[in-house]
Amino acid sequence: MNALHRTLNEAITSNSANPALTILIEDYTRYHFIMVVFGGLWVLLLGGLSITFLMKFKRTPKLHPLKWGFEKKVYFYFGILSSCVALFMLFIVVANTTNVLDPVHGFSLLVK
């Protein structure tokens, strides 16, 4: 595997027109672009769910001034959970976007 890493590093740093390396980088870029699209859809879905859950949380009446009912707790925790997962997915989408915008740099970090 060390010889493969060395060969790929030499091909990347030489800036020559290597057809095999060009295909590898194009596939690498295509993969990350698809991850950006599907990850973005997940971010939108989870963001919508978190807004829905938190709006239902606000509209659900309290049973007692100091205690929440089961329904209110479920809406709150699902709203917070979906918000956290949406933020994590947004981080992944941003990371994949950087690989789409500069695929040679991302691929060179992969083979080191």
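Cut-offs and rules
- Residues numbered from 1 in each chain as written.
- Predicted model: local features only at pLDDT ≥ 70, side-chain atom pairs only at ≥ 80, totals over all residues.
- Heavy atoms only, no water.
- Helix = DSSP H or I, 4+ residues; strand = E, 2+ residues; numbered from the N terminus.
- Buried < 20%, exposed > 50% of the residue type's maximum accessible area, 1.4 Å probe, protein only.
- Salt bridge = Lys/Arg side-chain N within 4 Å of Asp/Glu carboxyl O.
- Phe/Tyr/Trp six-rings, centres within 6.5 Å; stacked < 30°, edge-to-face > 60°.
- Lys NZ or Arg CZ within 6 Å of the ring centre and 35° of its normal.

(A) Expanded view of the environment of Val85. By the element assignment, Val85 lies in helix 3 (residues 70–101). Under the relative-accessibility criterion, Val85 is labelled partly exposed at 35%. On a C-alpha basis, the gap between Val85 and Val43 in space is 8.3 Å, while along the polypeptide they are 42 residues apart.

(B) Region of the structure containing the pattern of salt bridges. Under the counting rule described, the total for this entry stands at one salt bridge. Where Arg30 meets Asp27, a salt bridge forms, and the shortest distance between an N and an O atom there is 2.7 Å. Placement of both Arg30 and Asp27 in helix 2 (residues 19–59) is noted, with a separation of three residues, approximately one turn of the helix. The class for Arg30 is partly exposed, based on a relative accessible area of 47%.

(C) Representation of the packing of aromatic side chains within the structure. Applying the stated criterion to the full structure yields seven aromatic pairs. Aromatic ring contacts, followed pair by pair, group Phe57, Trp68, Phe76 and Tyr77 into a single cluster. The residue whose ring lies beneath Lys72 is Phe57, and the NZ or CZ to ring-centre distance is 4.3 Å.

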